[in-house]
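# Breakdown of the fold
Single-letter residue listing:
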Amino acid sequence: EFMRMGISTWEPTARSVVDDHFGTLAKAMLTLLQITTVDSWSAVVRPLVYQRPAFAIYFVAFIGLSSILVMNLVTAVIVETSISAAKHDGESSKELETLVMAKML
(Lines give C-alpha, C1' and ligand atoms only; values in the text may rest on other atoms or scores of the structure.)
Protein backbone atom coordinates (compact mmCIF):
# COMPACT_ATOMS: atom_id res chain seq x y z
CA GLU A 1 0.00 0.00 0.00
CA PHE A 2 2.89 2.41 0.57
CA MET A 3 3.53 2.51 -3.18
CA ARG A 4 -0.06 3.61 -3.81
CA MET A 5 0.18 6.78 -1.72
CA GLY A 6 0.05 9.88 -3.86
CA ILE A 7 -0.17 8.12 -7.21
CA SER A 8 -3.48 9.66 -8.21
CA THR A 9 -1.58 12.37 -10.10
CA TRP A 10 0.70 9.91 -11.88
CA GLU A 11 0.34 8.99 -15.53
CA PRO A 12 -1.88 5.94 -16.20
CA THR A 13 1.03 3.66 -17.17
CA ALA A 14 2.80 4.19 -13.85
CA ARG A 15 -0.45 3.79 -11.90
CA SER A 16 -1.17 0.52 -13.67
CA VAL A 17 2.36 -0.77 -12.91
CA VAL A 18 1.90 0.04 -9.23
CA ASP A 19 -1.52 -1.64 -9.13
CA ASP A 20 -0.41 -4.70 -11.11
CA HIS A 21 2.95 -5.26 -9.45
CA PHE A 22 2.72 -3.70 -5.99
CA GLY A 23 -1.01 -3.82 -5.25
CA THR A 24 -0.74 -6.46 -2.52
CA LEU A 25 2.08 -7.76 -0.35
CA ALA A 26 2.24 -11.00 -2.35
CA LYS A 27 2.44 -9.11 -5.66
CA ALA A 28 5.13 -6.82 -4.26
CA MET A 29 7.20 -9.77 -3.05
CA LEU A 30 6.92 -11.53 -6.41
CA THR A 31 7.83 -8.32 -8.21
CA LEU A 32 10.91 -7.84 -6.02
CA LEU A 33 11.90 -11.45 -6.75
CA GLN A 34 11.47 -10.71 -10.45
CA ILE A 35 13.67 -7.64 -10.09
CA THR A 36 16.27 -9.64 -8.11
CA THR A 37 16.53 -12.19 -10.92
CA VAL A 38 16.57 -9.33 -13.47
CA ASP A 39 13.67 -10.97 -15.32
CA SER A 40 11.98 -8.24 -17.39
CA TRP A 41 12.69 -5.83 -14.58
CA SER A 42 12.85 -2.78 -16.82
CA ALA A 43 9.16 -3.16 -17.70
CA VAL A 44 8.36 -2.73 -14.02
CA VAL A 45 10.97 -0.15 -13.07
CA ARG A 46 11.04 2.16 -16.08
CA PRO A 47 7.53 3.69 -15.74
CA LEU A 48 8.10 4.26 -12.03
CA VAL A 49 11.51 5.88 -12.54
CA TYR A 50 10.12 8.13 -15.28
CA GLN A 51 7.42 9.23 -12.86
CA ARG A 52 9.74 9.62 -9.85
CA PRO A 53 13.47 9.62 -10.72
CA ALA A 54 14.38 9.11 -7.04
CA PHE A 55 13.05 5.53 -7.36
CA ALA A 56 16.12 4.77 -9.49
CA ILE A 57 18.26 4.97 -6.36
CA TYR A 58 16.00 2.50 -4.57
CA PHE A 59 15.88 -0.01 -7.41
CA VAL A 60 19.61 0.17 -8.20
CA ALA A 61 20.44 -0.32 -4.52
CA PHE A 62 17.94 -3.19 -4.28
CA ILE A 63 19.34 -4.95 -7.36
CA GLY A 64 22.91 -4.45 -6.15
CA LEU A 65 22.29 -5.71 -2.62
CA SER A 66 20.05 -8.60 -3.59
CA SER A 67 22.47 -9.74 -6.31
CA ILE A 68 25.35 -9.71 -3.83
CA LEU A 69 23.21 -11.63 -1.35
CA VAL A 70 22.31 -14.31 -3.89
CA MET A 71 25.94 -14.61 -5.04
CA ASN A 72 27.08 -15.00 -1.43
CA LEU A 73 24.50 -17.72 -0.79
CA VAL A 74 25.54 -19.65 -3.90
CA THR A 75 29.21 -19.28 -2.99
CA ALA A 76 28.52 -20.49 0.56
CA VAL A 77 26.77 -23.61 -0.73
CA ILE A 78 29.62 -24.38 -3.14
CA VAL A 79 32.30 -23.87 -0.47
CA GLU A 80 30.40 -25.95 2.09
CA THR A 81 29.94 -28.77 -0.44
CA SER A 82 33.64 -28.64 -1.36
CA ILE A 83 34.74 -28.78 2.28
CA SER A 84 32.42 -31.70 2.95
CA ALA A 85 33.69 -33.56 -0.13
CA ALA A 86 37.32 -32.93 0.89
CA LYS A 87 36.67 -34.35 4.37
CA HIS A 88 34.98 -37.38 2.85
CA ASP A 89 37.91 -37.88 0.43
CA GLY A 90 40.36 -37.63 3.31
CA GLU A 91 38.50 -40.29 5.28
CA SER A 92 38.28 -42.53 2.22
CA SER A 93 41.98 -42.24 1.49
CA LYS A 94 42.83 -43.14 5.11
CA GLU A 95 40.61 -46.24 4.88
CA LEU A 96 42.22 -47.21 1.58
CA GLU A 97 45.67 -46.71 3.04
CA THR A 98 44.77 -48.93 6.01
CA LEU A 99 43.49 -51.68 3.69
CA VAL A 100 46.63 -51.52 1.54
CA MET A 101 48.85 -51.75 4.64
CA ALA A 102 46.82 -54.70 5.94
CA LYS A 103 47.26 -56.57 2.63
CA MET A 104 51.00 -55.92 2.64
CA LEU A 105 51.36 -57.49 6.05
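The structure we're discussing is the one just above.
Residues numbered from 1 in each chain as written. Predicted model: local features only at pLDDT ≥ 70, side-chain atom pairs only at ≥ 80, totals over all residues. Heavy atoms only, no water.

### Describing the packing of helix α3 (residues 41–51) against helix α4 (residues 55–104)
Relative placement of two packed helices is described by the angle separating their axes and the distance separating the axes. Heads up, the rule is: Axis geometry follows a simple rule: fit a line to the C-alpha atoms, using only the stretch in contact for helices, then measure angles between N-to-C directions, giving values from 0 to 180 degrees. A run of H or I in DSSP becomes a helix once it reaches four residues, and a run of E becomes a strand once it reaches two; helices and strands are each numbered from the N terminus. Here the angle decides the label: under 35 degrees means roughly parallel, over 145 means roughly antiparallel, 65 to 115 means roughly perpendicular, and every other value means oblique. Left-handed describes a crossing whose near helix is turned anticlockwise from the far helix through less than a right angle; right-handed describes the clockwise counterpart. Throughout, a residue-residue contact means that at least one pair of heavy atoms, one from each residue, lies within 4.5 Å. For this scheme, ten residues count as nonpolar: Ala, Val, Leu, Ile, Met, Phe, Trp, Tyr, Cys and Pro. Four count as charged, namely Asp, Glu, Lys and Arg, and the remainder, Gly too, count as polar.
Taken N-terminus to C-terminus, the directions of α3 and α4 make an angle of 150°; their axes are 9 Å apart at the nearest point. One element, α3, and the other, α4, form an angle in the roughly antiparallel class. The two elements α3 and α4 meet at a crossing, and its hand is right-handed. Facing Trp-41, Val-45, Leu-48 and Val-49 of α3, the residues of α4 in contact are Phe-55, Ala-56, Phe-59 and Ile-63. Split by residue class, the contact of α3 with α4 holds eight nonpolar, no polar and no charged.

### Considering the side chain of Thr-36
This is how the line gets drawn: Each residue's exposure class comes from its accessible area (1.4 Å probe, protein chains only) as a fraction of the maximum for that residue type: buried when under 20%, exposed when over 50%, partly exposed otherwise.
Relative to the elements of secondary structure, Thr-36 occurs in helix α2 (residues 25–36). Taking the relative accessible area as the measure of exposure, Thr-36 reaches 18% and is therefore buried. In contact with Thr-36, not counting residues within four places along its chain, are Phe-62, Ser-66, Ser-67 and Val-70.

### Brief notes about unusual backbone geometry
A positive phi angle is found at Val-38, which is not glycine, with a value near 55°. Note that Val-38 resides in the loop between α2 and α3. At Ser-40, a residue that is not glycine, the phi angle is positive and equals roughly 55°. Here Ser-40 shows up in the loop between α2 and α3.

### Comments concerning the environment of Thr-36
Put simply, the test is: In the analysis that follows, any N or O atom pair within 3.5 Å is treated as a polar contact, provided that within protein one partner can donate a hydrogen and the other can accept it, and provided that, for residues neighboring in sequence, both atoms belong to side chains.
Residues Thr-36 and Gly-64 lie 28 residues apart in sequence; the distance between their C-alpha atoms is 8.7 Å. Within the structure, Thr-36 has its side chain in polar contact with the side chain of Ser-66 (distance 3.5 Å).

### Considerations on the packing of aromatic side chains
The test is simple: When two rings of Phe, Tyr or Trp (its six-membered ring) have centres within 6.5 Å they constitute a pair, described as stacked for plane angles under 30 degrees, edge-to-face for angles over 60, and tilted for the intermediate range.
Inspection of the entire model under this criterion finds two aromatic pairs. Here the aromatic cluster, defined as three or more aromatic residues joined through ring pairs, consists of Tyr-58, Phe-59 and Phe-62.

### Some words on the nonpolar core
Condition: The nonpolar core is taken to be a set of buried Ala, Val, Leu, Ile, Met, Phe, Trp, Tyr and Cys residues, with the residues joined through side-chain atoms within 4.5 Å.
With 13 residues, the main nonpolar core has Trp-10, Phe-22, Ile-35, Val-44, Leu-48, Phe-55 and Phe-59 as its most contacted residues. It is helix α1 (residues 12–22) that contributes the most residues to this core, four residues altogether.

### Here we look at a nonpolar patch on the surface
As a reminder, the rule being used: Excluding any residue in a salt bridge, patches collect residues exceeding 30% relative accessible area, merging like charges within 9 Å and nonpolar Val, Leu, Ile, Met, Phe, Trp and Tyr side chains within 5 Å. Working definition of accessibility: Shrake-Rupley area with a 1.4 Å probe, residue cover restricted to the visible protein chains. We count a salt bridge whenever a side-chain nitrogen from Lys or Arg sits within 4 Å of a carboxyl oxygen from Asp or Glu.
A grouping of Leu-96, Val-100, Met-101 and Met-104 is seen on the molecular surface, where their side chains present a nonpolar patch of about 430 Å² in accessible area. Relative to the elements of secondary structure, Met-101 occurs in helix α4.

### Focus: the environment of Arg-52
With respect to the helices and strands, the residue Arg-52 is situated in the loop between α3 and α4. The class for Arg-52 is partly exposed, based on a relative accessible area of 38%. Distance from Arg-52 to Val-38, taken between C-alpha atoms, is 20 Å for residues 14 residues apart in sequence.

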